[in-house]
Amino acid sequence: MPSFNKSFVMNHTCLRIKDPKVSVPFYTENLGMKLIATLPFPDSKFTLYMLAYDNGDNNNDLSWSAREGVLELCHNHGVENDESYTLNNGNGEKFRGFGHICVSVDNIEAAEAQFLNKGVKFQKKLSDGRQKNIAFALDPNGYWIELIEHGQCKASDKTDSTHYKLNHTMIRVKDPKKSLDFYRNVLGMKLFSTSVHEGAKFTLYFLGYEHDASFKEDTLSRDEQSKKQGLIELTHNWGTESDNDFEGYHNGNSTENGAIQGYGHTCVSCGDPGKFCKEINEEFGEANIDWAVQWGKGGIKQLAFIRDPDGYSIEIINSVFKQ
C-alpha cells in the first residue's frame, strides 16, 4: 500500500471563473475569504487565485499548498471579454457531475441575512423546502455554495467570517463501491460518515484525511464533521451503478458532445508526492491507474493528475509548491 503521513491534506478545489474582477471580490468581500496567493502562468495564459478562510487555526501559518480548505479560482485570460463564454455549474439537466462547495459558518441565520444584505443570490434560502438547516448561495458564475452551521463561537444575531470553514466539495458518483475504494485505498482518505436518504433514494459519503491512529471510520456526527475543512462528499443516486443506459457524470473538464467546462479538480498535497505517485503505480500497476499527467512528465514538472473512477481529476502536489 502507498504510505501516508501527517503531511497529506486535501488542499484545494478548483473552479473555472469568467472574470476575476467579479469572482475574487465576491469571495473576499461577500463570503469573507482571504486571497492568500496569486499564481500567474503567462505562457499558458491563465492565472490562479488561491483563497481560504483566516479562521485562527494552525492551518493559517502554513504555505497555501500545505493548507486544507483552499479554493482555487482559475481564470483563462481573455474569457472575461467573450460574451459567449459560459460555465457549467454541474447541476443542470445535462452534464451533471460536480454539485457544490460547502462553507460551514458560526451562525447560519445571521450569515444568510448578511449575504442577502450584500446582494448574494440564493438557489435555496433557509426558509425554502423541507431542510431548514441548510441553504445554497450562488456565486457569480452560478456555482452552488452550500451553507451549514458548525456553531463554534456562535453569537446571537451575529456572524464572523473568521470562524468560517471551507468544509467540503460535493461530486456525484456512479458506483460508490468503486469510488470509496479509490479514495480510501489509492488516496488514503478515511470515511468520516455515511448519510442514507431512503425517501429521495440517495446516499452521501463524506471522506477526508485523518491521521489519528485511533480514529474509527464512519463514526463522525454531523456536528463534528461540520467543524472540519477539506472533505469530499460523494453523492450516489441509487441505481446508477447497475443502469446500463446511464452515461455517467460530467467530470467538469471534458468538452465532448457539446459539454461545457466548469469544475476543475480537487487537490491532494503531501511532503513527497513523487514517492507517493511511484507507490501508487507499484501497488496497483501503472496500467490500472488513470493518470491524466504523471509526476514529472507534464508541462509543470512538480505535479500530477490522477482520475477517479468517474473521471474526476485529483491534482497531487508538494506541500511546498514550486511554480
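See above for the structure.
Please read all numbers here as calculations on a predicted model, not as lab measurements.

Procedures and definitions
Residues numbered from 1 in each chain as written. Predicted model: local features only at pLDDT ≥ 70, side-chain atom pairs only at ≥ 80, totals over all residues. Heavy atoms only, no water. Helix = DSSP H or I, 4+ residues; strand = E, 2+ residues; numbered from the N terminus. Buried < 20%, exposed > 50% of the residue type's maximum accessible area, 1.4 Å probe, protein only. Polar contact = N/O pair within 3.5 Å; in protein donor to acceptor, adjacent residues only side chain to side chain. Contact = heavy atoms within 4.5 Å. Pairing = 2+ DSSP bridges. Axes fitted to C-alpha atoms, helices over the stretch in contact; angles between N-to-C directions. Salt bridge = Lys/Arg side-chain N within 4 Å of Asp/Glu carboxyl O.

A.B. asks: Would you take a moment to explain the side chain of Asn 107 for this structure?
C.D. replies: With respect to the element layout, Asn 107 can be found in the loop between β5 (98-105) and α2 (108-117). Owing to a relative accessible area of 5%, Asn 107 belongs among the buried residues under this scheme. A polar contact is formed between the side chain of Asn 107 and the backbone nitrogen of Ala 110, at a distance of 3.1 Å. Excluding anything up to four places from it in sequence, Asn 107 contacts Glu 149, Lys 154, Ala 155, Ser 156, Asp 157, Lys 158 and Thr 159.

A.B. asks: What is the right way to read the sheet that holds strand β6 (residues 121-124) from this model?
C.D. replies: Where strands meet in a sheet, backbone hydrogen bonds hold them as pairs that are either parallel or antiparallel. Pairing is mixed across the open sheet formed by eight strands, whose spatial order is β6-β7-β8-β5-β9-β12-β11-β10. A single partner strand is all that each edge strand has here, and the edge strands are β6 and β10 (190-197). Across the sheet, the mean angle from the axis of one strand to that of its neighbour is 30°, orientation sign disregarded. α2 contacts β5, β6, β7 (135-138) and β8 (144-149) of the sheet and is inclined by roughly 145° relative to β8.

A.B. asks: Would you mind going over the pattern of salt bridges with me for this structure?
C.D. replies: Pairing between side chains of opposite charge can happen when their charged atoms approach one another. According to the stated counting rule, one finds five salt bridges in the structure shown. A salt bridge links Lys 154 to Glu 149, with the nearest nitrogen and oxygen atoms 3.1 Å apart. For Glu 149, a relative accessible area of 27% translates into the label partly exposed. We note a salt bridge from Arg 307 to Asp 290, for which the minimum N-O separation is 2.8 Å. With a gap of 17 residues between them, Arg 307 in strand β15 (residues 303-307) and Asp 290 in the loop between α5 (273-284) and β14 (291-293) connect regions that are remote in the sequence.

By themselves, these are just geometric observations and shouldn't be taken as functional.
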